[in-house]
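Each chain is listed here by its residues.
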Amino acid sequence: MQCSLNPLIPAAALLLGMTAPVHAAGARTVIDQALADPSRATDRRQDARRHPAELVALAHVARGQNVLDLIPGGGYWTRIFSRVVGPTGHVYAVWPNAYAKLATRDVTALRKTAASPAYRNVAVAIQPQALPTAPTPLDVVWTSQNYHDYADPFLGSPGPDALARDAFRLLRPGGYFIVIDHRSAAGRGMADTDTLHRIDPVIVRRQAEAAGFVFAGESRVLANASDPLTIKVFDPAIRGRTSQFAYAFRKPGGVR
């Protein structure tokens, strides 16, 4: 059965550069079991380049948690989160309306996924505003390749810093904000968000820490030294192989 949100309510390689403790063996087993799910046959073709085991471990996703997957695309991460959090957890797959208009095929596909009994813990929502809301405190806010979009006019230019503050508000103490995005050249800040769809990781960390987060580690599994960092991410020369950063930020407090 598909849920819906009220749009008005507000065994893998080590994580390179990881400064937070890696999950215990039991937690990694849960992730491995989620990735081995037979229903992921199509998704599994992407695993080699997307490194789900390492990145889900970076987020400390666990049984019974509430996860917000912001701008979830075709649902690759949503389906993994659904399996990891299990029947007592929830996954909120959320699009801002301005983005959903550009992703109607993805929205339709993910709504079909959420309508399946196998994914009854997934709720799909299109929300009128750019900054996401959730009906319950969250354990993880996850955004993959879309943090930079919050600087751009098509979303109303609320600013990625506003997204960081919003994530801080939505998370429980001890919760994690995960930002995965296309890396821009050093020193470019947010100058390339609308043209190349890239952002400087230095400014991402600065914005998240200004919002109140503590830097909790990173993974370099998506780094690609052959990416010149100066071409659009959709350029055939680099599409699907951009150099990306993956940062974990933790809201202070709580018990982890």
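For clarity, every value in this text was computed on a predicted model and none was experimentally measured.

Caption draft 1: Here's a closer look at the overall build of the protein chain. Of the regular secondary structure elements, the protein chain holds eight helices and eight strands. Within the protein chain, the proportion of its 256 residues that are buried is 54%.

Caption draft 2: Spotlight on the side chain of D192. As for its placement among the helices and strands, D192 is situated in the loop between strand 6 (171-182) and helix 8 (201-210). In contact with D192, other than residues within four places in its own chain, are S184, H197 and R198.

Caption draft 3: A look at the nonpolar core. Judged by nonpolar contacts, the single largest core of 70 residues is most densely connected at L55, V61, W95, W142, F177 and F249. W95 has contacts with I71, P72, G73, A100, A103, D106, V107, L110, V124, A125, I126 and Q127, leaving out every residue within four places of it along the chain.

Caption draft 4: View of the packing of aromatic side chains. Counted under the stated rule, the structure contains 14 aromatic pairs. When the centroid spacing of 5.7 Å and the interplanar angle of 55 degrees are considered together, the rings of Y99 and F154 count as tilted. Of this pair, Y99 sits in helix 5 (residues 97-100) while F154 sits in the loop between strand 5 (138-144) and helix 7 (160-170), placing them 55 residues apart in sequence. You can call F154 partly exposed: its relative accessible area is 32%. Ring plane angle 50 degrees and centroid distance 6.3 Å describe the contact between Y147 and F177, whose orientation is recorded as tilted. In this pair, Y147 is assigned in the loop between strand 5 and helix 7 and F177 in strand 6, connecting sequence segments 30 residues apart. Per residue, the accessibility class of Y147 equals that of F177, and both read buried. These aromatic residues form a ring-pair network of at least three members: Y147, F168, F177, F213, F215, F245, Y247 and F249. Across the ring face of Y76, the terminal group of R50 is positioned such that the distance to the ring centre comes to 4.2 Å.

Caption draft 5: Region of the structure containing helix 6 (residues 104-115). The terminal C-alpha atoms of helix 6, which comprises 12 residues, lie 17 Å apart, in line with the 16 Å expected from a rise of 1.5 Å per residue. Within helix 6, the full set of buried residues consists of V107, L110, T113 and A114. Each buried residue of helix 6 sits inside an arc of 120 degrees when the element is viewed along its axis, so together they form one side. Exposed and oriented more than 90 degrees from the buried face of helix 6 are T104, R105 and K112.

Rules of the game
- Residues numbered from 1 in each chain as written.
- Predicted model: local features only at pLDDT ≥ 70, side-chain atom pairs only at ≥ 80, totals over all residues.
- Heavy atoms only, no water.
- Helix = DSSP H or I, 4+ residues; strand = E, 2+ residues; numbered from the N terminus.
- Buried < 20%, exposed > 50% of the residue type's maximum accessible area, 1.4 Å probe, protein only.
- Contact = heavy atoms within 4.5 Å.
- Core = buried A, V, L, I, M, F, W, Y, C linked by side-chain atoms within 4.5 Å.
- Phe/Tyr/Trp six-rings, centres within 6.5 Å; stacked < 30°, edge-to-face > 60°.
- Lys NZ or Arg CZ within 6 Å of the ring centre and 35° of its normal.
- Expected span 1.5 Å × (residues − 1).
- Arc of directions from axis to C-beta.

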